[in-house]
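# Overview (structure and organization)
One letter stands for each residue in the lines below.
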Amino acid sequence: MEIEVADFDLRSSIMSGACFRVYEEGDGSFTNILNDRVINIKQIGNKLIVKSNKKDNLKKTIMNYFDLDRDYNKINNEIINYDIEFKNIINKCHGYHILNQDSFEMCISYIISQNNNVKRISSSINKLCELYGEKILFEGKCYYLFPKYENIKDLKEEDFSKLKVGFRSKYLVDFLSKYEELLDLNTFKTQEAFNKLLTVKGIGPKVASCILLFGYKRLDVFPIDTWVKKFVSTRYNIKNDYKTITKFTSERFKEYTGLAIQYMYHYNRNINKDRV
C-alpha cells in the first residue's frame, strides 16, 4: 500500500525513542509491532510504502499511529507565537510526529522503563510478548503482539521476575490490579488523568506524563527529566529544578507543551551536536 504524506519524516518519528519495538531493516525500511499487527514501512519522498500481515483498515491504522491527520503546521505556528525563538528548533525538527501508541502497552512499557536503559527495556518487553502475546508470522519471521490485559492480569511478582525487571515487578502487579479502574482514563481532563495514574505504585510524574503523551494523545503533558531541566534552564536562564521548569514550560507553551518538549528532546538527541 502507498500513502501520500506531506510534512512528515518517518525516520525522525519512528526512531524518536518512544517506541521500544521497532527494527530498522537493511533496505532503510522499519518493521514495527503495533497492538494488532506487524507492519513494514518505508518512506520514499512524499510516499509511505506499507506492508502488513493484516490488511484490514491498514491506511486508517497508519494514519492514526503516525498522527498524520493532525495539522502540525498549525500547531507549530501556535508554538512559535508563544516563543518566536523556538522557530529554529521547529524548523530543524520538520516532519517529526508523536506516535499514537496503545495505552495499555504504554503503561506497562513505561513502568518497566524506570531507571532502565533502552536495551534492557526492549528485552523485557519482548520477553513478555513472547510468553503471553499472540504469535505472528510476517515476511518469513516470527513476531509477538503485545499481550492483552486478560492474558496477564493474574501474573504475580515471580512471573514478572522472568522478564528481569527487578523491583518493577511489584509495580506491574499493582498496576494490573488497578487497571480496570483506569479504563475510563481518556474521559478525564489531563490533570485528573495524571493524578489518577499517580495512584499506581511506581508511576511518578515522568512515567505518568509519558503514558498520557504517547498512549492518550495528550499534547499538554510533558515528561521532565534531568536533560529537560538542564536544557530548559540553560536556554531560558531560569532555575534548574522540577517545579520551576514545569511552571515555566506549561505557561510558555500551554496546550502544546508536550510537543514542544519532544521537539527539544529530538533536536538535542538527533540533530544538535553542540549539546548544552
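Above this note sits the structure.
Because the structure is a prediction, the values reported are computed rather than measured.

Definitions and limits used
Residues numbered from 1 in each chain as written. Predicted model: local features only at pLDDT ≥ 70, side-chain atom pairs only at ≥ 80, totals over all residues. Heavy atoms only, no water. Salt bridge = Lys/Arg side-chain N within 4 Å of Asp/Glu carboxyl O. Axes fitted to C-alpha atoms, helices over the stretch in contact; angles between N-to-C directions. Helix = DSSP H or I, 4+ residues; strand = E, 2+ residues; numbered from the N terminus. Parallel < 35°, antiparallel > 145°, perpendicular 65-115°, else oblique. Left-handed = near helix turned anticlockwise from the far one by under 90°. Contact = heavy atoms within 4.5 Å. Nonpolar A, V, L, I, M, F, W, Y, C, P; charged D, E, K, R; others polar. Phe/Tyr/Trp six-rings, centres within 6.5 Å; stacked < 30°, edge-to-face > 60°. Buried < 20%, exposed > 50% of the residue type's maximum accessible area, 1.4 Å probe, protein only. Lys NZ or Arg CZ within 6 Å of the ring centre and 35° of its normal. Pairing = 2+ DSSP bridges. Disulfide = S-S within 2.5 Å. Core = buried A, V, L, I, M, F, W, Y, C linked by side-chain atoms within 4.5 Å.

### Looking at the pattern of salt bridges
Counting across every chain of the model gives twelve salt bridges. Taken together, the shared-partner salt bridges connect Asp36, Arg37 and Lys54 into one network.

### Remarks on the packing of helix H5 (residues 103-112) against helix H9 (residues 168-178)
It is the contact of H5 with H9, at a shortest axis distance of 9 Å, that shows an interaxial angle of 155 degrees. In this view, H5 runs roughly antiparallel relative to H9, as classed from their interaxial angle. Crossing of H5 over H9 shows right-handed handedness. For the pair H5 and H9, the contacting residues are Phe104, Cys107, Ile108, Ile111 and Ile112 in the first and Arg168, Tyr171, Leu172, Phe175 and Leu176 in the second. Here the contact of H5 with H9 is built from residues that sort into nine nonpolar, no polar and one charged.

### Thoughts on the packing of aromatic side chains
Following the criterion strictly, the structure yields 17 aromatic pairs and no others. The interplanar angle of 85 degrees and the centroid separation of 5.0 Å between the aromatic rings of Tyr65 and Phe66 together place this pair among those described as edge-to-face. Neither residue differs from the other here; Tyr65 and Phe66 are each classed as buried. With centroids separated by 6.0 Å and ring planes inclined at 80 degrees, the aromatic side chains of Phe104 and Phe146 adopt a geometry described as edge-to-face. In this pair, Phe104 is assigned in helix H5 and Phe146 in the loop between strand S7 (141-144) and helix H7 (149-152), connecting sequence segments 42 residues apart. Grouping residues by exposure puts Phe104 and Phe146 together as buried. Through pairs of rings, three or more aromatic residues link up here, namely Phe104, Phe146, Tyr149, Phe175 and Tyr179. Cation over ring: Lys170 sits above Tyr171, and NZ or CZ is 5.0 Å from the ring centre. Above the ring of Tyr82, the side-chain terminus of Lys254 is found at 4.7 Å from the ring centroid.

### What about the pairing of strand S4 (residues 38-44)?
Where strand S3 (residues 30-33) and S4 come together, four bridges link them in antiparallel fashion. Paired with Phe30 across the bridge in S4 is Ile41. Where S3 folds back on S4, the antiparallel hairpin that results is connected by four residues. Sheet analysis places S4 next to strand S5 (residues 47-52), joined by six bridges and oriented antiparallel. Paired with Asn40 across the strands is Lys51, a residue of S5. Counted along the chain from S4 to the antiparallel partner S5, the turn is two residues long, and its residue Gly45 has a positive phi close to 65 degrees.

### Some words on the state of the cysteines
Each disulfide consists of a covalent bond between the sulfur atoms of two cysteine residues. Counted according to the given criterion, the structure contains zero disulfides. Unpaired in terms of disulfides, Cys19 finds its nearest cysteine sulfur in Cys129, a separation of 11 Å. Note on Cys93: no disulfide assigned, nearest cysteine sulfur contributed by Cys210 at a separation of 17 Å.

### Quick notes on the pairing of S5
Burial along S5 is one-sided: the residues Leu48, Val50 and Ser52 are buried and none of Lys47, Ile49 and Lys51 is. Pairing of strand S1 (residues 2-4) with S5, which is carried by three bridges, proceeds in the antiparallel orientation. Opposite Glu2, over in S5, you have Ile49 as the bridge partner.

### Some remarks on the sheet that holds strand S2 (residues 22-24)
Strand order in the open sheet formed by five strands is S1-S5-S4-S3-S2, with antiparallel pairing between adjacent strands. Two strands in the sheet have a free side with no partner beyond their single neighbour: S1 and S2. Sheet twist, expressed as the average angle between the axes of neighbouring strands with direction ignored, equals 25 degrees. Relative to the sheet, helix H2 (residues 58-65) contacts S1, S3, S4 and S5, its axis offset from that of S5 by approximately 120 degrees.

### Let's talk about the nonpolar core
Counting residues in each nonpolar core, the largest one holds 69 residues, and the members touching the most others are Ile79, Phe86, Phe175 and Tyr263. Ignoring any residue separated from it by four or fewer positions in sequence, one finds Phe175 in contact with Phe104, Cys107, Ile108, Ile111, Leu182 and Val200. With 20 residues, the next largest nonpolar core counts Ile3, Leu48, Tyr65 and Leu99 among its residues.

### Some words on H9
Along an α-helix, residues three or four apart share an orientation, since each turn contains 3.6 residues. Along H9, the residues that are buried comprise Arg168, Ser169, Tyr171, Leu172, Asp174, Phe175 and Leu176. At its buried positions, H9 is contacted by H5, H7 and helix H8 (157-161).

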